[in-house]
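# Summary of structural features
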Amino acid sequence: RPGGEELSRLRLDDLAVGRRSAGRLELLFGLSPCLLALRAARRRVARLLLQAGRAGLQGERAELLRAAEERGIPVVRPRRQKLDALSRHQVHQGVCMEVSPLRLRPWTESGEARPGDDAQQLWLVLEGLQDPRNLGAVLRSAHFLGVDKIIISRRNSCPLTPVVSKASAGAVEVMDVFSTDDLTGFMQAKARQGWLVAGTVGCPGPEIPHSSQIPVISCLEFLWDRPTLLVLGNEGSGLSQEVQASCQLLLTILPRRQLPPGLESLNVSVAAGILLHSICSQRKGVAAEREREQLLQDPPEFSTTFKEPRVAQHPGLSSGLEKERQNGG
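A brief look at the structure comes next. Quick caveat, the model's predicted, so the values are computed rather than measured. (Residues numbered from 1 in each chain as written. Predicted model: local features only at pLDDT ≥ 70, side-chain atom pairs only at ≥ 80, totals over all residues. Heavy atoms only, no water.)

## Quick look at the overall build of the chain
Each helix and strand counted, the chain has 11 helices and 12 strands in total. Across the 329 residues in the chain, those meeting the buried criterion constitute 46%. Partitioning the intrachain contacts of the chain with sequence separation of at least 6 by distance along the chain shows that 87% fall at a separation of at least 24. Accessible surface, the chain: about 17,600 Å² in total, of which carbon and sulfur atoms supply 50%. (Helix = DSSP H or I, 4+ residues; strand = E, 2+ residues; numbered from the N terminus. Buried < 20%, exposed > 50% of the residue type's maximum accessible area, 1.4 Å probe, protein only. Contact = heavy atoms within 4.5 Å. Areas by Shrake-Rupley, 256 points an atom, 1.4 Å probe, with all protein chains shown as cover.)

Structural data, given as structure tokens:
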């Protein structure tokens, strides 16, 4: 049809940012975030944007297209350059969606969980995480390792942006993330209900008052025998004094060597993964027992002289040198 190709290209390129702003939408990008958002159906989806020029959609891209068509979601096929511009040159993998934002839910909607219900409940509490990539990576680790709930301080914390979703590999699309305006009040309320409130800090130093009576132990020595709140602080300053004072126990990650200035810390998302794995490895239950039985039946091949990796930690976690744990522990 005369002019058909040119007219089609103009129509498909009509993706002005102003349309999203007017409708209070945002641009979700990346294959996994978009697919999980469609499956979860928690967002309103205005349009699906699939990069033009790909020869035959297969696998998850084909699933995306089918899901959008079944729900009556308009699908457009912009060129790569247009998606690059719309996503501000983020790694979009040829897939974007115009969607309504995800909102943090009040923690009062999280439902009551009593200590007697499950002795191994673990809630991750985040105070003042501001980098969306850090927040997304923490949420991805928390979801993977089986954290039961996430509570975020509303003040000075990053919202659940598309960058958070991409950094979480879409995990935030299927998780319930709650928030509170009174983090210390929330922590004190859970402590009165019998929960252990465990903060994450460094060894005694300028960030921990010398008069503090809160015990500090390595995360490797922590025994998870009661419902626990694990509290992580800001990327740079760690926990605030008010939040730290509401903790009953302080966990730290010990370095395994003398570290030069500037290398005393880990990224907060890396520290979160180490802490959560250390705790969640103690989880009991059918899945854990099956994993243990499988390992006993088919043990991995590695040297019996394997030594524990040496690690550092993030600001607010240990940079001092406590004595090494014995027996490889």
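We are not done yet, so read on.
## Here we look at empty space enclosed by the protein
Throughout the structure, instances matching the rule amount to 1 cavity of 30 Å³ or more. When its volume is computed, the largest cavity comes out at roughly 30 Å³. In terms of lining, the largest cavity is formed by Arg42, Leu102, Arg103, Arg105, Leu160, Val172, Met175, Asp176 and Val177. Residue composition of the lining of the largest cavity, grouped by class: 5 nonpolar, no polar and 4 charged. (1 Å grid on protein atoms, 1.4 Å probe; cavity = no way out; pocket = protein on both sides within 12 Å on 5 of 7 lines; lining within 4 Å. Points joined across faces, edges and corners; volume = space filled by probe spheres on them. Nonpolar A, V, L, I, M, F, W, Y, C, P; charged D, E, K, R; others polar.)

## Observations concerning the side chain of Ser278
When you line up the elements, Ser278 lands in helix H10 (residues 268–280). Judged by its relative accessible area of 15%, Ser278 is buried. When sequence neighbours within four positions are dropped, the list of residues in contact with Ser278 reads Cys219 and Leu220.

## So, unusual backbone geometry
For His89, which is not a glycine, the phi torsion comes out positive at approximately 65°. Looking at where His89 falls in the secondary structure, it is placed in the loop between helix H5 (80–86) and strand E4 (95–99). With relative accessibility at 63%, the residue His89 sits in the exposed group. In this structure, Ala169 is a non-glycine residue whose phi angle is positive, near 60°.

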